[in-house]
Amino acid sequence: RTSIMALKLFQASVDSLRSSISDDSDNCAATWEALFMIGKCCEKIANTLKEEDFIDKGERLYEKFMHQALGSYHTAFAEAKAFDDDGNSLEFQGGGSSHGLAELKYRVHATRLKLLIAAMKVSSEDLDKGIAEALRVSENFWYKPETYDTDKPLHHRLWNVFIDTVDALASCRQESSFFHRSVYRHAQALLWAPIFSHPLGTTS
């Protein structure tokens, strides 16, 4: 309930900011920070829904909220990066982080990794469904989209998304040398590599 209420309030703040947005960096930063917090709220809500049963048609609520979370993080990152690329001074401290743009990129791809890991933890009979769900969300938010083909079999697509998240997390440390959370998440990803390389149960 707390996350749902916070989500509504942060969304209202974004709507209010966008209705009066200008080129003022303070307004822009406030919008990105609100989008960042909306993403965190959606992710927390999704984490309470992981144990939902899979359904034959449509999406689970878990998938819906994880998609919303990633969409919010990605929008914040894309807008902040465009602002930074235009030569503006970027000051983003969402969630108390001092890593600026790297924090936003990290959040997108750390969340994609969490989606993949969650898919690996479902029961063996639901594994293909879990992987397909994770791919439906994570393939919308590539770090290097030009590199990968989403028409390949399920296990190839899973590996491609995994490699893409590893590359993205490694780049966070390169851009911010003291970004220790990105080091932890990157190490976690590498430890999962054997499982992503040969997931048991994939039939396509």
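Rules used in this analysis
- Position numbers for residues count from 1 along each chain, tracking the sequence in the order it is written.
- A pLDDT threshold of at least 70 governs which residues receive local features in this predicted model, and a stricter bar of 80 or more applies before side-chain atom pairs are shown or counted, although totals over entire chains, interfaces and linings include all residues.
- With hydrogens and water set aside, each side-chain value is computed from the structure's full complement of heavy atoms.
- A run of H or I in DSSP counts as a helix once it spans at least four residues, and a run of E counts as a strand once it spans at least two, with each numbered from the N terminus.
- Take the number of residues in a helix, subtract one, and multiply by 1.5 Å to get its expected span.
- Only protein chains enter the area calculation, which uses a 1.4 Å probe; residues under 20% of their type maximum are buried, those over 50% are exposed, and those in between are partly exposed.
- Contacts between residues were defined by any pair of non-hydrogen atoms, one from each residue, lying within 4.5 Å.
- Counted as positive: Lys and Arg. Counted as negative: Asp and Glu. His and the chain ends are not counted at all.
- By definition here, a salt bridge exists when the distance from a side-chain nitrogen of Lys or Arg to a carboxyl oxygen of Asp or Glu is within 4 Å.
- Definition of a polar contact: a pair of N or O atoms within 3.5 Å, with one able to donate and the other able to accept a hydrogen when the atoms are protein atoms, and with sequence-neighbouring residues admitted only if both atoms are side-chain atoms.
- In this analysis, axes come from line fits to C-alpha atoms, helices being fitted only over the stretch in contact, and the angle between any two N-to-C directions falls in the range 0 to 180 degrees.
- Note on angle classes: values under 35 degrees are labelled roughly parallel, values over 145 roughly antiparallel, values of 65 to 115 roughly perpendicular, and the remainder oblique.
- Should the near helix be turned anticlockwise from the far one by less than a right angle, the crossing is left-handed, and should it be turned clockwise, the crossing is right-handed.
- Any residue that is not Ala, Val, Leu, Ile, Met, Phe, Trp, Tyr, Cys, Pro, Asp, Glu, Lys or Arg is counted as polar, Gly included; the first ten are nonpolar and the last four charged.
- Centres within 6.5 Å are what make two rings of Phe, Tyr or Trp a pair, Trp counting through its six-membered ring; a difference in plane orientation under 30 degrees is then read as stacked, over 60 as edge-to-face, and the rest as tilted.

Quick word on helix 5 (residues 127-138)
Along an α-helix, a turn takes 3.6 residues, which lines up residues three or four apart on a common side.
(1) Moving on: Helix length check: helix 5, at 12 residues, gives a terminal C-alpha distance of 16 Å against a target of 16 Å (1.5 Å per residue), a fit within 8%.
(2) Moving on: Burial within helix 5 is extensive, with nine of its 12 residues counted as buried.
(3) Moving on: Of the positions making up helix 5, those classed as buried are L127, D128, G130, I131, E133, A134, L135, V137 and S138.
(4) Moving on: Tucked into the core, helix 5 has its buried residues touching helix 3 (61-85), helix 4 (101-120) and helix 6 (154-175).

Side note on the side chain of R185
(1) Moving on: With respect to the helices, strands and loops of the structure, R185 is situated in helix 7 (residues 180-197).
(2) Moving on: Buried charged residue R185 carries no salt bridge. Nearest counter-charge: E43, at 7.0 Å.
(3) Moving on: Within the structure, the side chain of R185 is placed 2.9 Å from the side chain of Q188, a separation counted as a polar contact.
(4) Moving on: Apart from the residues within four sequence positions on either side, R185 is in contact with Y106, A110, L113, K114 and L169.

Points about the packing of helix 6 against helix 7
(1) Moving on: Axis separation between helix 6 and helix 7 bottoms out at 9 Å; the angle between their running directions is 160°. The angle between helix 6 and helix 7 falls in the class roughly antiparallel. For the crossing formed where helix 6 meets helix 7, the hand is left-handed. Residues L158, W159, F162, V166, L169, A170, C172 and R173 of helix 6 form the contact with helix 7, whose own contacting residues are S182, V183, R185, H186, A189, L190, A193, F196 and S197.
(2) Moving on: Tallied by class, residues from the contact of helix 6 with helix 7 come to 12 nonpolar, three polar and two charged.

Digging into the packing of aromatic side chains
(1) Moving on: All chains considered together, the criterion is met by five aromatic pairs.
(2) Moving on: Their ring planes at 40° and their centres at 5.2 Å tell us that W159 and F162 sit as a pair that is tilted. With W159 and F162 both in helix 6, this residue pair falls three residues apart, about one helical turn.
(3) Moving on: By relative accessible area, which is 31% here, W159 ends up partly exposed.
(4) Moving on: Here the aromatic rings of W192 and F196 are separated by 5.9 Å at their centres, their planes lie at 35°, and the arrangement is tilted.

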